[in-house]
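Structural features, examined
Chain by chain, the residues run as shown.
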Amino acid sequence: MPSPAASRAAARVAGTGQTIFAEMSALAVRTGSVNLGQGFPDTDGPPALLDAAAHALHHGANQYAPGIGIPALRQAIARHQERRYGIVLDPDTQVAVTTGCTEAIAGALLGLVDPGDEVVVLEPYYDSYTAMIDYAGGVRRPVTLRAPDFRLDPDELAAAVTDRTKLILLNTPHNPTGRVLDETELAAVARVAREHDLLVVTDEVYEHLTFDGRRHVPLATLPGMAERTLTLSSAGKSWSVTGWKIGWAAGPADLVAAVVGAKQWLTFTSGSPLQPAVAAALDAGDDFPAALAGDLQAQRDQLVAGLRAAGLTTYVPEGTYFATTDVRALGWASGGDFCRALPERAGVVAIPSEVFYDDPDAPGAGRHLVRWAFCKRPDVIAEAVRRLAAADLTAPGTR
């Protein structure tokens, strides 16, 4: 008989442990803190979107949708990609609906990566990337984006590729740094992918949420990339319905089929009454996401000013929901130590970026970095800033 303390979970699950988001959100609840950790808004999406979902609920859209997604949503996704980026897709073979972008990531990695295949991934990274690469038996090859500008170094990208590399997993606009890769950086990714005949999986969930006039450019629009790029996105971030978990994968038919091949053993399908609502939102155009991006830019500026006033070195993000700070000026060597002390000291929760690195102590890595979410109402951000200003944030022994 195994001891009561012994884990009965498979090693692949036991090794991943609890997410940092679950840990810090529980800490926020326990301490009554303002939660600037997990990236979800505290206001709902547009009323027309919510009304469309309610209508679908009351008019029969409550049974299984096709595993690949309802035709109306797949067609709307194809129209969105063509209208916004000039990408032409066959909605019947080149688009699949997923349970959020998280399942799209899982389906892509499980469907495309064999044991021993290497995956080049930008670091710091969204934590599901590492879990799913591990689940697929792949080998992670990180390329670090370094403060203060978090630019992608083309030489480091090229050096990360070996004869065992299968694909590049790209995230732009980038979580957690807020970096929006520019045309030079994207061209470097495309060049490496073409030279080594690599696939590229791009996570573009923040595609609409860019600031200061920047515009997201999908990698699939670059020469020679449409045939090797699988594009992932979702409605959750850009329409403020993160709990709906309606995402998609789009690209070459064989790559989309690989996602569906894995997805059919995960959820198979989900969100039947939500899919027609998302289709309607996509067809309504980009007015809501554009307005949301404007609001987020103002909230970004509000939080960045407050963090800097509290003594934190703060980097201004170009997109997403998140700003990054360096806590060393306050005497902290570890963002994890800072974040675990912060709720008791200030009544605020943030996320230590160190969990998004293979080796947070490597040169240029982020042991000392912390991620803060500004996708909250201005009054919530103001309260967090007030609490930070009133607290002693310096590390023990600094004063």
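Within an unreviewed UniProt entry, the label attached to the protein chain reads Aspartate aminotransferase, and the organism entered is Nocardioides simplex. The UniProt entry for the protein chain carries the following comment under Cofactor (unreviewed entry): "pyridoxal 5'-phosphate".

Tracing the chain through its elements places Asn-175 in the loop between strand S5 (165-171) and helix H8 (183-195). Taking the relative accessible area as the measure of exposure, Asn-175 reaches 8% and is therefore buried. Within the structure, the side chain of Asn-175 is placed 2.9 Å from the side chain of Arg-371, a separation counted as a polar contact. Once you skip the residues sitting within four places of it in the chain, Asn-175 turns out to touch Pro-124, Tyr-125, Tyr-126, Tyr-206, Thr-320, Phe-322 and Arg-371.

Attention now goes to the layout of surface pockets. When its volume is computed, the largest pocket comes out at roughly 1000 Å³. Taken together, 43 residues form the lining of the largest pocket, with Thr-19, Phe-21, Tyr-126, Asp-127 and Ser-128 sitting closest to its centre. Listing elements by their share of the lining of the largest pocket, those giving two or more residues are helix H1 (11-14), helix H2 (20-31), helix H5 (100-112) and helix H6 (127-135). Of all the elements, H6 adds the most residues to the lining of the largest pocket, at 8 residues.

With that settled, consider empty space enclosed by the protein. Throughout the structure, instances matching the rule amount to 1 cavity of 30 Å³ or more. Surrounding the largest cavity, Pro-66, Gly-67, Gly-69, Val-97, Thr-98, Thr-99, Lys-263, Thr-269, Ser-270 and Gln-275 form its lining. At 3 residues, the largest contribution of residues to the lining of the largest cavity is made by strand S2 (residues 95-99). Tallied by class, residues from the lining of the largest cavity come to 2 nonpolar, 7 polar and 1 charged.

The rules we used
The numbering scheme is per chain: residues are counted from 1 as the chain's sequence reads. Given that the model is predicted, a residue must reach a pLDDT of at least 70 before its local features are reported, and side-chain atom pairs must reach 80 or more before they are shown or counted; all residues, however, enter totals for whole chains, interfaces and linings. Calculation of side-chain values draws on the structure's entire complement of heavy atoms; hydrogens and water are dropped beforehand. UniProt positions are given in the numbering used here, feature names are shortened, and annotations may be inferred rather than shown by experiment. The helix and strand labels rest on DSSP assignments: H or I over at least four residues marks a helix, E over at least two residues marks a strand, and numbering proceeds from the N terminus. Note on exposure labels: buried denotes an accessible area under 20% of the residue type's maximum, exposed denotes more than 50%, and partly exposed covers the range between, all computed with a 1.4 Å probe on protein chains only. Two N or O atoms form a polar contact when they lie within 3.5 Å of each other; inside protein one atom must be a possible hydrogen donor and the other a possible acceptor, and for residues adjacent in sequence the pair counts only when both atoms belong to side chains. Between two residues, a contact is recorded if the distance between any of their heavy atoms is within 4.5 Å. Within this scheme a cavity is a closed region of a 1 Å grid, computed over the protein atoms alone, that accommodates a 1.4 Å probe without allowing it to escape, whereas a pocket is open but has protein on both sides within 12 Å along at least five of seven lines; lining residues each have an atom within 4 Å of a point. Grid points are joined across faces, edges and corners, and a volume is the space filled by probe spheres set on the points. We call Asp, Glu, Lys and Arg charged. Ala, Val, Leu, Ile, Met, Phe, Trp, Tyr, Cys and Pro are nonpolar, and the rest, Gly among them, are polar.

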